[in-house]
Amino acid sequence: QVQLVESGGGLVQAGGSLMLSCAASGSIFSINAMGWYRQAPGKQRELVADITSGGSINYADSVKGRFTISRDNAKNTVYLQMNSLKPEDTAVYFCNAVIRRRRLSNYMDYWGEGTLVTVSS
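Sequence order sets the numbering: in each chain, residues are counted from 1 along the sequence as written. Since the coordinates come from a predicted model, pLDDT governs what is reported: local features require at least 70, and pairs of side-chain atoms require 80 or more to be given and counted, while whole-chain, interface and lining totals use all residues. Side-chain descriptors were evaluated using all non-hydrogen atoms of the structure, hydrogens and water having been removed beforehand.

Here the focus is the environment of Ser7. Tracing the sequence through the fold places Ser7 in strand 1 (residues 2–7). Along the chain, Ser7 and Ala23 lie 16 residues apart, while their C-alpha atoms are 8.9 Å from each other. By definition, any uninterrupted DSSP run of H or I lasting at least four residues is a helix, any uninterrupted run of E lasting at least two residues is a strand, and each is numbered from the N terminus.

By convention, a stacked pair of Phe, Tyr or Trp rings (six-membered ring in the case of Trp) has centres within 6.5 Å and planes under 30 degrees apart, an edge-to-face pair has planes over 60 apart, and any other such pair is tilted. In this structure the tally under the stated criterion is 1 aromatic pair. Seen in terms of ring centroids, Tyr37 and Trp111 are 5.0 Å apart; in terms of plane orientation they differ by 65°. Their pairing is edge-to-face. With Tyr37 in strand 4 (residues 30–39) and Trp111 in strand 10 (residues 107–111), this pair connects stretches of sequence that are 74 residues apart. Residue burial is assigned from relative accessible area. The probe radius is 1.4 Å, only protein chains are included, and a residue is buried under 20% of its type maximum, exposed over 50%, and partly exposed in between. Its relative accessible area of 22% is what places Tyr37 among the partly exposed residues. By relative accessible area, which is 37% here, Trp111 ends up partly exposed. Ring-over charges, as used throughout, are those where CZ of Arg or NZ of Lys falls within 6 Å of the ring centre and within 35 degrees of the ring normal. Lying across the ring of Phe94, Arg45 places its NZ or CZ 3.7 Å from the centre. The residue whose ring lies beneath Arg45 is Trp111, and the NZ or CZ to ring-centre distance is 4.7 Å.

Tracing the sequence through the fold places Thr115 in strand 11 (residues 115–120). A 3.5 Å cut-off defines polar contacts: any pair of N or O atoms within that distance qualifies, except that in protein one atom must be a possible hydrogen donor and the other a possible acceptor, and neighbouring residues in sequence count only when both atoms are side-chain atoms. Within the structure, the side chain of Thr115 is placed 3.3 Å from the backbone nitrogen of Gly9, a separation counted as a polar contact. With residues up to four places along the chain from it excluded, the contact list for Thr115 reads Glu6, Gly9, Leu20, Ala91, Val92 and Tyr93. We call two residues in contact whenever any of their non-hydrogen atoms come within 4.5 Å of each other.

Let us look at the sheet that holds strand 3 (residues 18–26). Two strands pair under a simple rule: DSSP has to find at least two bridges between them. Ordered by their spatial adjacency, 4 strands build an open sheet running 1-3-8-7, and the pairing between neighbours is antiparallel. Strands with a single pairing partner mark the edges of an open sheet, and in this sheet they are strand 1 and strand 7 (67–72). Neighbour-to-neighbour, the strand axes of the sheet open up by a mean angle of 15°, direction not taken into account. Inter-axis angles, ranging from 0 to 180 degrees, are taken between N-to-C directions of lines fitted to C-alpha atoms, where helices are fitted over the stretch in contact.

Structural data, given as structure tokens:
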């Protein structure tokens, strides 16, 4: 079993900051990429940012310069520091990790249950 547990969502005013955390636990041999996706009401899930085990980072254009993704490989944890939040950042944020559970198994996608971020104007 693999679990991704997110924390840090909540309500914040526009211009404010929040930090999301996601810890992976369970039967894990190695983790490749970890990242954050979001889904706003009536919209498709979209990539916010991801980071590989080697530290390569990718951001959505809409969050560049405002959000920072980081990762603690020893703790199997990924963070998302969100600054200068806007009402359009309101969404459920999902943690994603690409995990290999055993040495010879394939990498598979795992998801957290999501944490709600609400930005008021």
